[in-house]
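# A structural walkthrough
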Amino acid sequence: MQNSVQIEIIGIVRSCYPEKFGIPRQPGLVKSSAGRLELCPGYDREEMVRGLEGFSHLWIQFLFHEAVEEGWRPTVRPPWLGGQKRVGVFASRSPHRPNFMGMSVVRLRGISVVDGRLGLNLAELDLLDGTPVLDFKPYLPYSDSLPEATSGFVRSDEAPQRLVEFTARAQQFCADYEQRTARPLATLIRETLAQDPRPASQRHHSRSYGMTLWDVNIRWQVGADEVFVVDEISGDHVRPPL
Ligand code: SAH
């Protein structure tokens, strides 16, 4: 038996997350996250997505392309265990795995042609801008939704939702940006920080952090009682709005 196959990239995800820091740990957690799957030539024929518009969610299989250079290990330290204990790579959803393949259930908002290119408008994603896509297919609740499933060491019910506050200056920036771009920036910041993007090893430090959402640099810090305070924001406007 042949033990390797060649796989082609069929599309690229453009998303609100231009860097890894800040991306939620799974899809569905940040409802206001958004992006677009741009289909590559050869896979951008309308007949290939005929019938897909009736589905609210999709499975996307993709490459963790920004993990490849760092490589993978047989065991990883998942954030659920405070970054202390190791579990097998195949017991985790870590990007650092053989073949670097990821899978996410994302919301399908619509299918459209923009600048002559067919693409899917997506939301509720956990994908880096530029992520190469290998395949996608409809999510089927009748068989994919398993409420009785158990989840080992992952205790999602224990993950606290952080409170997020904005300085007046930050609030004003968001209001102006939203008016200019129609992107719900304040909600995206609030939902993204509510997930506590700090690495597990830094949960006890108080320092200031920077992250980029869309084309906006955001500075925030953790105040007393673990309240996340959004302070300085500046826009780069390096990329045109999707
Ligand atoms: N739902 C997927 C991803 C889980 S890991 C799965 O279970 O397979 C989610 C993390 O992957 C994010 O927090 C982000 O930091 C990282 N990530 C997303 N896209 C990536 C990419 N293209 N390359 C490397 N890391 C990526």
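Residues numbered from 1 in each chain as written. Predicted model: local features only at pLDDT ≥ 70, side-chain atom pairs only at ≥ 80, totals over all residues. Heavy atoms only, no water.

Here is the rule we go by: UniProt positions are given in the numbering used here, feature names are shortened, and annotations may be inferred rather than shown by experiment.
As recorded in an unreviewed UniProt entry, the chain goes by tRNA (N6-threonylcarbamoyladenosine(37)-N6)-methyltransferase TrmO and comes from Candidatus Desulfatifera sulfidica. On record in UniProt, under Sequence similarities (unreviewed entry), the comment for the chain is "Belongs to the tRNA methyltransferase O family."

### Remarks on the pairing of strand β1 (residues 11-15)
Where we set the bar: Buried, partly exposed and exposed residues are distinguished by accessible area as a fraction of the type maximum, computed with a 1.4 Å probe on protein chains only: under 20%, between the cut-offs, and over 50%, respectively. We count a stretch as a helix when DSSP gives it H or I for four or more residues in a row; a strand needs E for two or more, and each element gets its number in order from the N terminus. Pairing between two strands is assigned when DSSP locates at least 2 bridges connecting them.
Alternating residues of β1 divide into Gly-11, Val-13 and Ser-15, all buried, and Ile-12 and Arg-14, none buried. Alignment of β1 against strand β2 (residues 34-39), held across five bridges, turns out to be antiparallel. Residue Gly-11 lies in a different strand from β2, and its bridge partner there is Leu-39. With three bridges joining them, β1 and strand β8 (residues 131-138) adopt antiparallel strand pairing. When the bridges of β8 are listed, Val-13 appears paired with Thr-131.

### Quick notes on the pattern of salt bridges
Convention followed: What counts as a salt bridge is simple: a side-chain nitrogen of Lys or Arg found within 4 Å of a carboxyl oxygen of Asp or Glu.
Applying the stated criterion across every chain yields a total of twelve salt bridges. Two residues, Arg-14 and Asp-129, come together in a salt bridge whose shortest N-O distance is 3.1 Å. Here Asp-129 lies in the loop between β7 (117-123) and β8 and Arg-14 lies in strand β1, a separation of 115 residues in the sequence. For the salt bridge of Asp-231 with Arg-169, the shortest nitrogen-to-oxygen distance reads 3.1 Å. In this pair, Asp-231 is assigned in strand β12 (residues 228-235) and Arg-169 in helix α2 (residues 168-181), connecting sequence segments 62 residues apart. Salt bridges sharing common partners tie together Arg-162, Asp-196, Arg-198 and Glu-226.

### Some details on the sheet that holds β7
Short version of the rule: Between the N-to-C directions of two axes lies an angle of 0 to 180 degrees, each axis being a line fitted to C-alpha atoms and, for a helix, fitted only over the stretch in contact.
Pairing is antiparallel in the closed barrel, where six strands are placed in the order β1-β2-β7-β6-β3-β8. Averaged over all adjacent pairs, the angle separating strand axes in this sheet is 45°, with direction ignored.

### Quick word on the site of the ligand
In plain terms, the rule: Only a single heavy atom is needed: when it lies within 4 Å of a molecule or strand, its residue is near that molecule or strand. The term polar contact refers here to a pair of N or O atoms within 3.5 Å; inside protein, the definition further demands a hydrogen-donor-capable atom paired with an acceptor-capable atom, and it admits residues adjacent in sequence only when both atoms are side-chain atoms. All accessible-area figures derive from a Shrake-Rupley calculation using a 1.4 Å probe, and residue coverage is judged against the displayed protein chains alone.
Close contacts around the ligand come from 21 residues, with Gln-26, Arg-93, Met-103, Asp-126 and Thr-131 the closest. Between the ligand and Glu-66 there is a distance of 3.1 Å, counted from a nitrogen atom to a backbone nitrogen or oxygen. Alone, the ligand offers 570 Å² of accessible surface; in the complex the protein occludes 92% of this. Listing elements by their share of the shell around the ligand, those giving two or more residues are β3 (57-63) and β6 (101-114).

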